[in-house]
Amino acid sequence: MFDLIIRNGKVIDGTGNAWFYGDVAVQGEKIVEVGRLSTQAAKRVIDASGLVVAPGFIDSHSHSDSNLLNNGRAASKIYQGVTTEVIGQCGTSAAPRAAGEGEDEAAAKDARWTSMDDYLNLLTEQGVAVNVIPLIGHGNLRRIVMGMANRQATPAELEAMCQLAELAMQQGAFGFSSGLIYPPSAYAGTAELIEIAKTVAAYGGIYATHMRNEGNRLMESVKEALTIGEQAGIPVHISHHKATGEANWGKVRESLALIDAQRAAGQDITLDQYPYIASSTGLRSIIPQWAHADGPEAMRQRLLDPDTGARIREEMQASQRRWDAIVVSRCFLEENKQFEGKNLEEIGAMTGQAPLEAAISLLLAEDFRTRMVRFSMCEEDVEYVMRHPLVMIGSDSGALTAGPGAQGKPHPRAYGTFPRVLGHYVRERQVLTLEEAIRKMTGLAAARFQLWDRGLLRPGCYADITIFDPETIRDEATFTDPHRYATGIHYVLVNGQLALEQGEQTEVLAGQVLRRQRP
Ligand code: ZN
Ligand code: CU
């Protein structure tokens, strides 16, 4: 007598193998049988006729670090069929951090944690709907040791960063991430990253990177990531691969060709991607990196200083941004909510300013917290990157909750990433087979993060299972109406428990906060 049998579904096991009709039996938190189980009984049966039964999706690039502390339900992810999130990306993680400090202001005031160990314990105590895989943000290490200083680390500072990385690895991190467009991570040279990577590599971790440049200097940036991998002997994972800016469209062919060549030569490299032509980050990233030095107050003074302010504006102007391609997605002051969903040209027209000046005014008023969505990629590139066998799927977003409290017009990827791949790119565009898309969402990511008992439908694996209708699954979230859960997912099991039942999220918080087991 099993706890659960999922009967008659098309089983897609996460390896990339072709689907087959079969039943999946669950006992406790594990999958115990896969195959024809018609003579077996269970306490509960789910009829999956007409549906696909797949491993739960692994969001290989998530920013749920503080989201999960605020709300462990991870609703926008559960509604996508996501059962595991890899957090601590783009150089920023919730932990480790200095007391009272952190990227997120609200979270910074939270005194309950400083170390990775504290943070993971806290998540465990509170409960989470999804499994969590933590990475260490390189920016955190630098912030703790050097604040927002715009200079190279001294040998003693580098040693201190390596020690922090070592401790967090001992406490269960799976690797570290850099965010080389975001100060203070951006202030590090290649040599610093290599040294920290060596420490992380000694513990079997990986190096994930938001590269220094994804536009004009895309190729140099890929080369830097590969150099760090080579010199430190660490597996490299390139985050949200893309080419930004019209002049650079098509360069992903070159970058992926280089990665293929390096792999052929024996270097271990993988990538992730979100399925949209727009990116999203803090609006402050349009300000030159040097101007961020020493923190927000120093940046404010530089912007207000006539000479330095003029220099900043010149550099911003010279970067030839299309101001109408930058949409303000989240404001924090009531009087600025009117700008959410408007691009910088529109905001300029509303406030009687040039777009650049409108952006600066907004940033100053909001203590640089304003967020943006930026349309910078092309569909051909998105599809080309998606077809590459080393590319997995990552939302690049934290989990959100739709409904009355939902704020702003965030990038729809928070709600739509995985169903968009399965609905738009698999069913409508036929960019991938269903089996290959599922592999990118499950088995490939599990292998990358060394989750040997997840990401596949196999006896002995944890029962993280997503059951969906391949004919109807779709992302409902759009850029203008983003707070909408995806549809077409019927059931989601996390560690054997139903996190989503007949299309509705349950109250269950069965996620496990995972710590890398040291070899
Ligand atoms: Zn990033
Ligand atoms: Cu990211």
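What counts as what
- Residues numbered from 1 in each chain as written.
- Chains lettered and ligands numbered in written order.
- Predicted model: local features only at pLDDT ≥ 70, side-chain atom pairs only at ≥ 80, totals over all residues.
- Heavy atoms only, no water.
- Helix = DSSP H or I, 4+ residues; strand = E, 2+ residues; numbered from the N terminus.
- Rg over C-alpha atoms; globule rule 2.2 N^0.38 Å.
- Buried < 20%, exposed > 50% of the residue type's maximum accessible area, 1.4 Å probe, protein only.
- Contact = heavy atoms within 4.5 Å.
- Areas by Shrake-Rupley, 256 points an atom, 1.4 Å probe, with all protein chains shown as cover.
- Lys, Arg positive; Asp, Glu negative; His and termini not counted.
- Charge placed at Lys NZ, Arg CZ, Asp CG, Glu CD.
- Donors = N, O, S within 2.8 Å, 3.2 Å for Na, K, Ca; no water.
- Domains from an automatic or database assignment.
- Buried area = accessible area lost by both parts, 1.4 Å probe.
- Salt bridge = Lys/Arg side-chain N within 4 Å of Asp/Glu carboxyl O.
- Expected span 1.5 Å × (residues − 1).
- Arc of directions from axis to C-beta.
- Polar contact = N/O pair within 3.5 Å; in protein donor to acceptor, adjacent residues only side chain to side chain.

**Observations concerning the overall build of the chain**
Working step 1: When helices and strands are tallied, the chain shows 17 helices and 21 strands.
Working step 2: Rg of the C-alpha trace for the chain: 22 Å, near the compact-globule value of 24 Å for 519 residues, within the 12% margin.
Working step 3: Structurally, the chain occupies a C-alpha span of about 80 × 50 × 45 Å along its principal axes.
Working step 4: Of all 519 residues assigned to the chain, the portion counted as buried reaches 60%.
Working step 5: When contacts within the chain are restricted to residue pairs at least 6 apart in sequence, those whose partners lie at least 24 apart make up 75%.
Working step 6: A total accessible area of about 19,400 Å² is found for the chain, and carbon and sulfur atoms account for 48% of it.
Working step 7: Within the chain, the 64 negative side-chain charges are centred at a point lying 1 Å from the centre of the 51 positive side-chain charges.

**A word on the coordination of the copper ion (ligand 2)**
Working step 1: Taken together, the protein ligands of the copper ion (ligand 2) are His61 (NE2), His63 (NE2), Cys90 (SG) and Asp396 (OD), with distances of 2.1 Å.
Working step 2: Between consecutive donor residues of the copper ion (ligand 2), the sequence gaps follow H-x1-H-x26-C-x305-D.
Working step 3: Under the relative-accessibility criterion, His61 is labelled buried at 0%.
Working step 4: Residue classification places His63 among the partly exposed positions, given a relative accessible area of 25%.

**A word on the domain arrangement of the chain**
Working step 1: Domain assignment breaks the chain into domain 1 (56-277 + 376-452) and domain 2 (294-372).
Working step 2: Measuring from the centre of the C-alpha atoms in domain 1 to the corresponding centre in domain 2 gives 26 Å.
Working step 3: Counting from both sides, the interface comprises seven residues of domain 1 and, opposite them, eight residues of domain 2.
Working step 4: Together domain 1 and domain 2 conceal approximately 620 Å² of surface at their shared face, both sides included; 48% is due to carbon and sulfur atoms.
Working step 5: On the domain 1 side of the interface with domain 2, the three residues burying the most area are Met148, Gln407 and Lys409, jointly 60% of the side's total.
Working step 6: Our enumeration of links across domain 1 and domain 2 arrives at zero salt bridges.

**Concerning helix 11 (residues 306-318)**
Working step 1: Spanning 13 residues, helix 11 covers 18 Å between terminal C-alpha atoms, matching the ideal 18 Å at 1.5 Å per step.
Working step 2: The complete set of buried residues in helix 11 reads Gly309, Ile312 and Met316. Buried residues of helix 11, viewed axially, fall in a sector of 60°; they line one side. Among the exposed residues of helix 11, those pointing more than 90 degrees away from its buried face are Pro306, Asp307, Glu314 and Ala318.
Working step 3: Elements in contact with the buried residues of helix 11: helix 10 (296-304) and helix 13 (355-365).
Working step 4: The residue sitting at the N-terminus of helix 11 and contributing the capping side-chain oxygen is Asp305; that oxygen lies 3.2 Å from the backbone nitrogen of Asp307.

**Description of the coordination of the zinc ion (ligand 1)**
Working reference: metal with six octahedral donors, ideal angles 90 or 180 degrees; metal with four tetrahedral donors, ideal angle 109.5 degrees.
Working step 1: Coordination of the zinc ion (ligand 1) by the protein is provided by Cys90 (SG), His210 (ND1) and His240 (NE2), with metal-donor distances spanning 2.1 to 2.2 Å.
Working step 2: Counting gaps between the donor residues of the zinc ion (ligand 1) yields the pattern C-x119-H-x29-H.
Working step 3: The distance between the zinc ion (ligand 1) and the copper ion (ligand 2) comes to 3.0 Å, and Cys90 binds to both of them. Taken together, the residues Cys90 in the loop between strand 7 (82-87) and helix 3 (105-108) and His240 in the loop between strand 12 (236-238) and helix 9 (251-264) connect sequence positions 150 residues apart.
Working step 4: Given the relative accessible area of 1%, His240 is considered buried.

**Things to note about helix 4 (residues 116-126)**
Working step 1: If you check which residues of helix 4 are buried, you get Met116, Tyr119, Leu120, Leu122 and Leu123. Within helix 4, the buried residues cover an arc of 155° as seen down the axis, which keeps them to one side.
Working step 2: Looking at the buried residues of helix 4, the elements they touch are helix 1 (67-70), strand 7, strand 8 (131-134), strand 9 (136-137) and helix 6 (155-170).
Working step 3: One or two positions beyond helix 4, positive phi appears at Gly127, with a value near 95°.

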